[in-house]
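One-letter residues, chain by chain:
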Amino acid sequence: MTKIINLLKKFPFRWIKKSEQGDALIIVAVSMVFIMGMLALVIDLGLAFLSTGEQQKAADAAVYSAGRLLPIETGNTTKINQIKNSSINYASLNGFNDLTQEDIILGKISNGQYTEIRVTVDNAVPMHFAKIFGIDYLDLSRTAVAKLSPVIRTTGVAPIGLTKDEMDARIASNNLTHVTLKYGVQDRTPDESPSFFGALDLDGQGGGASDYRIWITQGYAGEISVGDVLLEESGNMVGPTYQGFEERYTACTHFGALSGGDGCTSDNFEPTCPRIVKVPVYSYGVDKKTVVVEGFAAFLLENQTNDGYITGSFLNMVSNGASSGSNVGEGTDGDFGLYNLILSE
Ligand SMILES: [Zn+2]
């Protein structure tokens, strides 16, 4: 036994040990470089991808804010420039200054109008550790898309409107100006509903010129949805109708309204203008005392008479509310030109 031990002692273990240590050192060194390299990449890429969150936010803000200018006629270069510049501005407000007009694409054409906006925010993120591997920048891009979709539920509705049959016919013949939204004489044959002049009771509580006056001036605070059954307001409501129109019409402060100018018109309007009313488009209920909401439309108030008529011109526009999710022009039910802007993709 001792013989074997002595023999083993003579064997050059020291040399072997030394050599193994060397190998190990090389392995450790190589591993360290590899691990550090990976770590460096992970840190750089991690930071880069974290920054894409900001990029996405800028892209979302750009489509969502500028998208409110939709829909835009495909040939209207003024408005196309306006929406593109607005996108560039909103991206810049969110820290991305390099957006160009080419980064903004309008699409989903329906009835000659763009109904979708797509914005791509590119960013060259400088690398720190990855420079060791010759990567100085990482090009990252984030895209946001917003589209119009018909409003099917909304607040702020005015207690006047028009029938779906009339609206459909007017859309079909492109006869959308000077539309009667409230009548001064009965709208229907006397045997149907002798006291209906086009005024609606939006809260279903019945009666009340004071409620009606508030609704026509400010819009109804509650939600109205497609499919809701609304009571017909009985009577002409001349006084509150006149007052409501007057308050809204004179409250316009845009396009020179304060200095004797026209103020908002259906060609040039500020979307928040009090002259704009959002009204239900309805069909008559079976009981001849109610109407059923089929959709919503926006009009710019134009004229009234002192016997209860109100007229306005149709507007295609974006409003608050919930949308059906369907595209403009697809599934035409409930699509009367009042849209919600929703992020898609
Ligand atoms: Zn205005």
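Residues numbered from 1 in each chain as written. Predicted model: local features only at pLDDT ≥ 70, side-chain atom pairs only at ≥ 80, totals over all residues. Heavy atoms only, no water.

Draft legend 1. Spatial organisation of the side chain of Asn-340. Residue position: Asn-340 is located in strand E15 (residues 338-344). Polar contacts involving the side chain of Asn-340 include one to the main-chain carbonyl oxygen of Ser-319, which spans 3.2 Å. A distance of 3.2 Å separates a polar atom in the side chain of Asn-340 from the backbone oxygen of Gly-321. Contacts of Asn-340, omitting those with residues within four sequence positions, involve Lys-147, Leu-148, Ser-149, Val-151, Ser-319, Asn-320, Gly-321, Ala-322 and Ser-323. (Helix = DSSP H or I, 4+ residues; strand = E, 2+ residues; numbered from the N terminus. Polar contact = N/O pair within 3.5 Å; in protein donor to acceptor, adjacent residues only side chain to side chain. Contact = heavy atoms within 4.5 Å.)

Draft legend 2. Representation of the coordination of the zinc ion within the structure. Note on the zinc ion: its protein donors are Cys-252 (SG), His-254 (ND1), Cys-264 (SG) and Cys-273 (SG). The metal-donor distances range over 2.1 to 2.3 Å. Here the zinc ion is ringed by four donor atoms whose angles at the metal span 100 to 113°, and the overall shape comes out tetrahedral. Sequence spacing among the residues donating to the zinc ion works out to C-x1-H-x9-C-x8-C. In this pair, Cys-252 is assigned in the loop between helix H6 (238-250) and strand E10 (276-284) and Cys-273 in the loop between H6 and E10, connecting sequence segments 21 residues apart. (Donors = N, O, S within 2.8 Å, 3.2 Å for Na, K, Ca; no water. Tetrahedral: all angles 85-135°; square planar, octahedral: opposite > 155°, others 65-115°.)

Draft legend 3. Geometry of the nonpolar core. Counting 25 residues, the largest nonpolar core has Leu-70, Ile-83, Leu-106, Ile-117, Val-119 and Leu-148 as the members making the most contacts within it. Of all the elements in the fold, those that place two or more residues in this core are helix H2 (13-66), helix H3 (77-93), strand E2 (104-110), strand E3 (113-126), strand E4 (137-154) and E15. Here this core takes five residues from H2, the largest share from any one element. The residues touching Leu-148, leaving out its near neighbours within four places in the chain, are Leu-70, Pro-71, Thr-115, Val-318, Ser-326, Asn-327, Val-328, Tyr-339, Asn-340 and Leu-341. Tyr-220, Cys-273, Val-291 and Ala-298 belong to the second largest nonpolar core, which has 22 residues in total. (Core = buried A, V, L, I, M, F, W, Y, C linked by side-chain atoms within 4.5 Å. Buried < 20%, exposed > 50% of the residue type's maximum accessible area, 1.4 Å probe, protein only.)

Draft legend 4. Spatial organisation of the domain arrangement of the protein. The domain boundaries assigned to the protein delineate domain 1 (13-147) and domain 2 (156-319). When each unit is reduced to the centre of its C-alpha atoms, the spacing between domain 1 and domain 2 is 47 Å. For the pair domain 1 and domain 2, the summed buried area comes to about 370 Å², and 50% of that belongs to carbon and sulfur atoms. Ranking the residues of domain 1 by area buried against domain 2 places Arg-68, Pro-71 and Gln-113 at the top, with a combined share of 70%. At the junction of domain 1 with domain 2, the criterion picks out one residue pair in polar contact (both at pLDDT 80 or more). Of the residues that constitute the side of domain 1 that touches domain 2, the class distribution is two nonpolar, two polar and two charged. (Domains from an automatic or database assignment. Buried area = accessible area lost by both parts, 1.4 Å probe. Nonpolar A, V, L, I, M, F, W, Y, C, P; charged D, E, K, R; others polar.)

Draft legend 5. Quick look at the packing of aromatic side chains. According to the stated counting rule, one finds seven aromatic pairs in the structure shown. Ring geometry for Phe-245 and Tyr-249: centres 5.4 Å apart, planes at 10°, overall stacked. With Phe-245 and Tyr-249 both in helix H6 and four residues apart, the pair spans about one turn of that helix. Judged by relative accessible area, which is 26%, Tyr-249 ranks as partly exposed. Here the aromatic cluster, defined as three or more aromatic residues joined through ring pairs, consists of Phe-196, Tyr-282 and Tyr-284. We note Arg-275 situated over the ring of Tyr-249; from NZ or CZ to the ring centre the distance is 3.7 Å. (Phe/Tyr/Trp six-rings, centres within 6.5 Å; stacked < 30°, edge-to-face > 60°. Lys NZ or Arg CZ within 6 Å of the ring centre and 35° of its normal.)

Draft legend 6. Inspection of the pattern of salt bridges at higher detail. Across all of its chains, the model carries five salt bridges by this definition. Two residues, Glu-116 and Lys-108, come together in a salt bridge whose shortest N-O distance is 2.9 Å. Glu-116 sits in the buried class, given a relative accessible area of 8%. Note on Lys-108: relative accessible area 37%, which makes it partly exposed. (Salt bridge = Lys/Arg side-chain N within 4 Å of Asp/Glu carboxyl O.)

Draft legend 7. Structural context of unusual backbone geometry. A cis amide bond, omega -5°, links Leu-70 with the succeeding residue Pro-71. The residue Asn-111 is not glycine, and still its phi comes out positive at about 55°. By secondary structure assignment, the location of Asn-111 is in the loop between E2 and E3. Although it is not a glycine, His-178 sits at a positive phi angle of roughly 50°. Judged by relative accessible area, which is 54%, His-178 ranks as exposed.

Draft legend 8. Broad picture of helix H5 (residues 209-218). Among all positions in H5, only Tyr-212, Trp-215, Ile-216 and Thr-217 are buried. Buried positions along H5 lie against strand E6 (179-182), strand E7 (196-201), strand E9 (229-234), H6 and strand E12 (310-315). Positive backbone phi, approximately 90°, marks Gly-219, located one or two places after H5.

Draft legend 9. Main features of a nonpolar patch on the surface. Taken together, the side chains of Val-28, Met-32, Met-36, Leu-39, Ile-43, Leu-47, Leu-50, Phe-129, Ile-132, Phe-133 and Ile-135 present a nonpolar region at the surface, about 1100 Å² in accessible area. Secondary-structure assignment places Met-32 in helix H2. By relative accessible area, Met-32 is classed as partly exposed at 44%. (Patch = residues over 30% accessible without salt bridge, like charges linked within 9 Å, V, L, I, M, F, W, Y side chains within 5 Å. Areas by Shrake-Rupley, 256 points an atom, 1.4 Å probe, with all protein chains shown as cover.)

Draft legend 10. Up close: the environment of Asn-175. Here Asn-175 lies in the loop between helix H4 (164-173) and E6. When the C-alpha positions of Asn-175 and Glu-116 are compared, they lie 25 Å apart, and in sequence the two are 59 residues distant.

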